Amino acid sequence: MSTTINDEKASTSIKEDKKKTDEVIEEESGPPMKKRETWNHQIDFLLACIGFSVGLGNVWRFPYLCYKNGGGAFLIPYLICVVIGGIPLFFLEVALGQFMSIGGIGAWRICPLFQGIGWATTVIVFFLNCYYNVILCWAFYYMFASFTDVLPWGSCGNEWNTIRCTTSFKKLPACNMTALNMTMTWPEIKNTTSDYLNCTLPWEPKKIDSVTEYWEEKVLGISDGIENLGTIKWDLALCLLLAWIVVYACICKGIRTSGKVMYVTATSPYIFMTILLVRGCTLPGAIDGIIFYLKPDLDKIGNAQVWVDAGTQIFFSYSISLGALTALGSYNKFNHNSYRDAIIFACANSGTSIFAGFVIFSTLGYMSYEQGIPVADVAESGPGLAFIAYPKALIQMPVAPVWSVLFFLMIILLGLDSQFVGVEGLVTAFVDEYAYYLRRGHRREIFIGIVCILSYGVGLSMVTNGGMYVFQLFDYYSGSKIILFVAFFECIAIAWIYGVNRFYDNMEMMYGFRINPYMKYSWLFSAPLFCIVIFILSVINYSELTYNRPTGTYVYPDWAVGIGWGMASLSAIWIPIVAVKKVIEFAKCGQACRKLLLPQGLEEHQLRSQDKTNPMEMNGMILDDESPPGYPNEAYVASQTKL
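This is a predicted model, so every value here is computed, not measured. (Residues numbered from 1 in each chain as written. Predicted model: local features only at pLDDT ≥ 70, side-chain atom pairs only at ≥ 80, totals over all residues. Heavy atoms only, no water.)

Another point: the overall build of the chain. Assigned secondary structure in the chain consists of 26 helices and 6 strands. When the 643 residues of the chain are sorted by exposure, 58% land in the buried category. Total accessible area on the chain is roughly 25,800 Å²; 63% of this is exposed by carbon and sulfur atoms. (Helix = DSSP H or I, 4+ residues; strand = E, 2+ residues; numbered from the N terminus. Buried < 20%, exposed > 50% of the residue type's maximum accessible area, 1.4 Å probe, protein only. Areas by Shrake-Rupley, 256 points an atom, 1.4 Å probe, with all protein chains shown as cover.)

Put into structure tokens, the structure is as follows:
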């Protein structure tokens, strides 16, 4: 009874509370609060999602996984994973951001017990931003190096080359030294006759092609391990600085400016990919590469690793569990049809992955033809494709520098919008959480500058002599398997705790129609099951990090692996920590624990008609004097109600 009386008193004093908080704002010295921005045009949101999620993974990871896991047959598990996990989880994060109209941390006030999800995604996207820009740094380096008559990685005899350097990319047959009861590979043989019958003892170390030496010796200046970081390579440090300056320039003025940039960065890569595809298809051997890419091997579908690769690729290419999608959705107007955009995005994202496979393998087929070796021996993924395999093909093309500039410009544009949207997602989470302080004057721009400087400082460790080992450590541990874990709890929080039917009602309020029930059952059953199964399979198939070099395989020491797992746990641990914190806060305030499962911070337009019959339970913005810390205080409420 006492609770009901208090609820009624609180609901009747709403206007008085708002009036008081408005006075607080007016009395505050300093610049006035800025309104929260929204997208200028409806298409800006869609382009931002495509620009963020369609990135380097679509170009350098998907084609490799496709050929590795059965060619065209890989499309079967891939598309199944798109329908089961990709589209529902992407739409869940976008719709949540749009409904709550707030960034990645504050949006999870919809379920206070799991507000740690917002902090977990924020940590993940911070780590991602730190190492992702290093890829742009390498791409800038290669693009600048391409402005020359002859590509520098196509020859030996340069200052960075060693005695092992060779310009022959052909894989020659082995020399069978039966007299000595041993077999040596061709590059290790000093002398031999044309029929490979007479061989002498090896005296030279294994040969390394000039492209690989340029990558390792000139660009990276790589050391022998993470134990030996060496010094900062200032040429790379300057390229990394340039990358961060470009990112800052794109986002410092907010999403209205970055939305305009998206018109170029999200669309121009398709122009460059089309140009490269046309060029690749005119080269001899291109058809063999494309056949190799798509030739189905149905026997591999039964392999569990194929499904793990398909599932993890979906999470990478759809940018799930990073918080940035929630931030992008929060800038939509409340009635924007993001449901339609989610379907269009899925088609664009997966279509780009398949299209990129034709671009890459048409050129790798030409490379295979020129070198006289199977396509499988030239196929790479990750940095190995962008900075070793593809540059090998480029130096064999007529007018090679032109095609090299186009290729690396495409890489830069693909990565650039992914990078600055990732930074925007991180910044939005904090600016919305501390809007009263950061949404005044030029404080937001200053805060973005601080984030960029901090991220640049972390990235400097990856442009040292041992920087590649640090980069691989970030890439392998900070956001791989953990995003599956986080996505599982996203489904649990929305579908099972907040209530999937309630969320469906909220979306009907936004869109003006009730969406297909498929999403409901996906969030309840198939999506969380998908996340946890892929997570378990990836843990079962876990192998500790190694780095393959021409001179051998480097195995990371135990202390480095420990740091990697520390980075992984640093994000996931926020979910239980914040849950315990909220339980303690509510208990101290004498509030029922069931309120941990009810949304906080909702405004009038976010409430259903049945919710308004009990406003104190549903409208967390209307709180009495016993509100636990961490929920909207007067200043924060004012900053939101004035918008």
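What follows picks up the thread again.
Time to look at the side chain of Asn161. Along the chain, Asn161 falls in the loop between helix H7 (116–145) and strand S1 (165–166). Engagement of the side chain of Asn161 in a polar contact is seen with the backbone nitrogen of Asn158, the distance being 2.9 Å. Side chain to side chain, Asn161 and Glu213 meet in a polar contact 3.1 Å long. Ignoring any residue separated from it by four or fewer positions in sequence, one finds Asn161 in contact with Ser155, Cys156 and Glu213. (Polar contact = N/O pair within 3.5 Å; in protein donor to acceptor, adjacent residues only side chain to side chain. Contact = heavy atoms within 4.5 Å.)

With that settled, the discussion passes to the pattern of salt bridges. Summed over the entire model, instances satisfying the criterion amount to 16 salt bridges. Across the pair Asp432 and Arg36 runs a salt bridge, and its minimum N-O distance is 2.5 Å. Pair noted here: Asp432 is in helix H17 (residues 400–433) and Arg36 is in the loop between helix H2 (14–27) and helix H3 (42–53), with a separation of 396 residues, a long-range link. Here the two residues Asp432 and Arg36 agree in accessibility, since each one is buried. Glu424 serves as the salt-bridge partner of Arg444, at 2.5 Å between the closest nitrogen and oxygen. Highlighted residues: Arg444 in helix H19 (residues 443–459) and Glu424 in helix H17, separated in sequence by 20 residues. Summarising the burial analysis for this pair, Arg444 and Glu424 share the class buried. Here the salt bridges do not stand alone but share partners, grouping Asp505, Glu508, Arg514, Arg608 and Asp611 into one network. (Salt bridge = Lys/Arg side-chain N within 4 Å of Asp/Glu carboxyl O.)

What the rule picks out here adds up to 1 disulfide. There is a disulfide in this structure between Cys156 and Cys165, and the S-S distance comes to 1.9 Å. Taking the sign of the S-S torsion, about -80° here, the bridge from Cys156 to Cys165 comes out left-handed. Residue Cys156 is classed as partly exposed on the basis of its relative accessible area, which comes to 27%. Looking at Cys165, the relative accessible area reads 11%, which means it is buried. (Disulfide = S-S within 2.5 Å.)

Bringing the pairing of strand S5 (residues 546–549) into the picture now. Walk down a regular strand and you will see the side chains alternate between the two sheet faces. What you see with S5 is a clean split: Tyr547 and Arg549 sit on the buried side and Thr546 and Asn548 on the side with no burial. Examined bridge by bridge, S5 and strand S6 (residues 552–555) share 4 bridges and lie antiparallel to one another. Directly across from Tyr547, in S6, lies its bridge partner Tyr554. Where S5 folds back on S6, the antiparallel hairpin that results is connected by 2 residues. (Pairing = 2+ DSSP bridges.)

Moving on, we get to H3. In this model, H3 (12 residues) spans 18 Å end to end at C-alpha, consistent with the 16 Å of a helix rising 1.5 Å per residue. The element H3 is extensively covered by neighbouring structure, given that 10 of its 12 residues are classed as buried. (Expected span 1.5 Å × (residues − 1).)

Time to look at a nonpolar patch on the surface. On the surface, Ile43, Tyr263 and Val264 cluster together to form a nonpolar patch covering roughly 260 Å² of accessible area. With respect to the helices, strands and loops of the structure, Ile43 is situated in helix H3. For Ile43, a relative accessible area of 42% gives the class partly exposed. (Patch = residues over 30% accessible without salt bridge, like charges linked within 9 Å, V, L, I, M, F, W, Y side chains within 5 Å.)

It is worth spelling out unusual backbone geometry at this point. A positive phi angle, close to 55°, is found at Ser101, a residue other than glycine. Mapped onto the secondary structure, Ser101 falls in the loop between helix H6 (75–100) and H7.

Their axes nearest at 8 Å, the elements helix H15 (residues 338–371) and helix H16 (residues 383–394) cross at an angle of 50°. Judged by the inter-axis angle, H15 sits oblique to H16. Considering how the two elements wind past one another, H15 and H16 form a crossing that is left-handed. Touching Val359, Ile360, Thr363, Leu364, Tyr366 and Met367 of H15 are Leu385, Ala389, Tyr390, Lys392 and Ala393, all from H16. Here the residues of the contact of H15 with H16 are counted per class, giving 9 nonpolar, 1 polar and 1 charged. (Axes fitted to C-alpha atoms, helices over the stretch in contact; angles between N-to-C directions. Parallel < 35°, antiparallel > 145°, perpendicular 65-115°, else oblique. Left-handed = near helix turned anticlockwise from the far one by under 90°. Nonpolar A, V, L, I, M, F, W, Y, C, P; charged D, E, K, R; others polar.)

A ring pair, where both rings are aromatic, is described by two values, the distance of the centres and the angle of the planes. Within the structure shown, the criterion is met by 56 aromatic pairs. Here Tyr142 and Phe387 contribute two aromatic rings whose centre-to-centre distance is 5.2 Å and whose plane-to-plane angle is 40°, an arrangement assigned as tilted. One end of the pair, Tyr142, is in helix H7; the other, Phe387, is in helix H16, with 245 residues separating them in the sequence. Phe387 gets classed as buried once you look at its relative accessible area, which sits at 0%. (Phe/Tyr/Trp six-rings, centres within 6.5 Å; stacked < 30°, edge-to-face > 60°.)

Across its 17 residues, H19 extends 24 Å between first and last C-alpha, which sits within 8% of the 24 Å expected from 1.5 Å per residue. Those residues of H19 not exposed but buried are Arg444, Glu445, Phe447, Ile448, Gly449, Val451, Cys452, Ser455, Tyr456 and Gly459.

By the element assignment, Asp417 lies in helix H17. For the buried Asp417, no salt bridge exists, and the shortest N-O distance to an oppositely charged side chain is 17 Å, to Arg444. (Lys, Arg positive; Asp, Glu negative; His and termini not counted.)

Once that is clear, we can look at the environment of Ala237. Checked against the element boundaries, Ala237 lands in helix H9 (residues 234–251). With 223 residues separating them along the chain, Ala237 and Leu460 place their C-alpha atoms 6.6 Å apart. Not counting residues within four places of it along the chain, the set of residues in contact with Ala237 comprises Ile232, Tyr456, Leu460 and Val463.

The next point concerns the packing of H3 against H15. Running from N to C, H3 and H15 point in directions that differ by 35°, and their axes come no closer than 10 Å. The interaxial crossing formed by H3 with H15 has right-handed handedness. Only Ser338, Arg340, Asp341, Ile344, Phe345, Ala348 and Asn349 of H15 make contact with H3, whose side of the interface consists of Gln42, Phe45, Leu46, Cys49, Ile50 and Ser53. The residue inventory of the contact of H3 with H15, partitioned by class, reads 7 nonpolar, 4 polar and 2 charged.

Another aspect to go through is the environment of Thr352. Relative to the helices and strands, Thr352 is located in helix H15. A relative accessible area of 3% places Thr352 in the buried class.

Another point: the confidence of the model for the chain. Per-residue confidence for the chain gives a mean pLDDT of 83; residues scoring 70 or more make up 84%. When the criterion is pLDDT under 50, residues 1–28 qualifies, and its contacts beyond four places in sequence or with other chains add up to 22 contacts. This stretch, residues 618–643, has a pLDDT under 50; its non-local contacts, to residues over four places away or in other chains, come to 73 contacts. (pLDDT = per-residue confidence, 0-100.)

Moving on, we get to the environment of Gly459. Within the secondary structure, Gly459 is located in helix H19. Sequence spacing of Gly459 and Phe127 is 332 residues, and the spatial spacing of their C-alpha atoms is 9.8 Å. Residues within four places of Gly459 in sequence aside, it is in contact with Cys130, Val134 and Leu240.

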